[in-house]
Amino acid sequence: GQDIYTGNFRKGLPDGEGVYTDFEGNVYKGSFVKGRKEGKGELTVKGAGKDMILMGYWESNKYVGKDNRAPYEVSNKTGSVTPRIFSAGAGNKVEITIIDPVTFEFITGSILVKGDANLRTTFGRYYYEDAAFPIEFDIQYNCNNKIGTSITANTIRIRINKPGYWIITLRN
């Protein structure tokens, strides 16, 4: 047998909506980016007597589940906290830093973790290593307001849904 693809192409690769049938008769109907299953789709795997159907979302050809969750979610924000959240690559670690907007010094916060991780602190940074995702952080801290005339109480909840090495910086 041979593989068959019907759908949109870009630079010679499946890109956009399409249908891919492999040489074993398994069929994927859905979204492609640069030749890989990416986004919403349905995979029908041929079995002995009964087909198995996976409906949901893919990232880089891997099935990630029925829900398309954002990599992270922010909620319960009070005060004037401004989070900077980004993935620095692969891994299972979350680094949290809280910085005063006037003195630029590291601030100690109260962090409640919902999930599994090993905490290590150094020089005002919190490292949650060997983290199991998803993991959620409820963070409370006090710091100067932006012009240094009063102290502001701040809270934020950050849920990291996808594995990786995440860096979270909080400043007002």
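Details of the structure are given in the entry above.
A quick note: this is a predicted structure, and the numbers were derived from the prediction, not measured. (Residues numbered from 1 in each chain as written. Predicted model: local features only at pLDDT ≥ 70, side-chain atom pairs only at ≥ 80, totals over all residues. Heavy atoms only, no water.)

Enquirer: I keep staring at the nonpolar core and nothing clicks. Help me out?
Expert: Generally speaking, nonpolar side chains in soluble globular proteins are found buried as a group. V94, I96, F137, I139, I160 and L170 are the most contacted members of the largest nonpolar core, which totals 22 residues. Elements that contribute at least two residues to this core include exactly β9 (92-99), β12 (125-129), β13 (135-144), β14 (151-160) and β15 (164-171). It is β13 that contributes the most residues to this core, five residues altogether. Ignoring anything within four residues of it in the chain, the contact list for I139 reads I96, I98, S110, I111, N154, T155, I156, I158 and L170. Of all hydrophobic cores here, the second largest spans five residues; its members include Y5, Y28, F32 and W58. (Core = buried A, V, L, I, M, F, W, Y, C linked by side-chain atoms within 4.5 Å. Buried < 20%, exposed > 50% of the residue type's maximum accessible area, 1.4 Å probe, protein only. Helix = DSSP H or I, 4+ residues; strand = E, 2+ residues; numbered from the N terminus. Contact = heavy atoms within 4.5 Å.)

Enquirer: Please clarify how the environment of R84 should be interpreted in this entry.
Expert: Turning to its location among the elements, R84 is positioned in strand β8 (residues 82-87). Note: C-alpha distance between R84 and T108 (24 residues apart in sequence) is 17 Å. Ignoring anything within four residues of it in the chain, the contact list for R84 reads I167, I168 and T169.

Enquirer: Any chance you could explain the pattern of salt bridges here in plain terms?
Expert: Taken as a whole and assessed by the stated rule, the structure comprises nine salt bridges. For the salt bridge of K162 with E59, the shortest nitrogen-to-oxygen distance reads 2.3 Å. One end of the pair, K162, is in the loop between β14 and β15; the other, E59, is in strand β5 (residues 52-59), with 103 residues separating them in the sequence. According to the relative accessible area criterion, K162 is buried, its value standing at 18%. On the basis of relative accessible area, E59 is assigned to the partly exposed category, the value being 31%. A salt bridge links E95 to R125; its shortest N-O distance comes to 3.4 Å. You can see E95 sitting in strand β9 and its partner R125 sitting in strand β12, a full 30 residues away along the chain. Beyond isolated ion pairs, a larger network of salt bridges with shared partners links K114, E136, D138, R157 and R159. (Salt bridge = Lys/Arg side-chain N within 4 Å of Asp/Glu carboxyl O.)

Enquirer: Would you mind showing me how to read the packing of aromatic side chains here?
Expert: Two aromatic rings are characterised by how far apart their centres lie and by the angle between their planes. Scanning the model with the defined rule gives seven aromatic pairs in all. Note on Y5 and F32: the rings are 5.2 Å apart at their centroids and 85 degrees apart in plane angle, and the pair reads as edge-to-face. Taken together, the residues span a long stretch of sequence, with Y5 in strand β1 (residues 4-10) and F32 in strand β3 (residues 27-33) at a distance of 27 residues. For Y5, a relative accessible area of 16% corresponds to the buried category. Sitting over the face of the ring of Y28, K37 holds its NZ or CZ atom 5.6 Å from the ring centroid. Above the plane of the ring of Y165 lies K93, whose end atom (NZ or CZ) is 4.8 Å from the centre. (Phe/Tyr/Trp six-rings, centres within 6.5 Å; stacked < 30°, edge-to-face > 60°. Lys NZ or Arg CZ within 6 Å of the ring centre and 35° of its normal.)

Remember, this is a structural readout, not a statement about activity or role.
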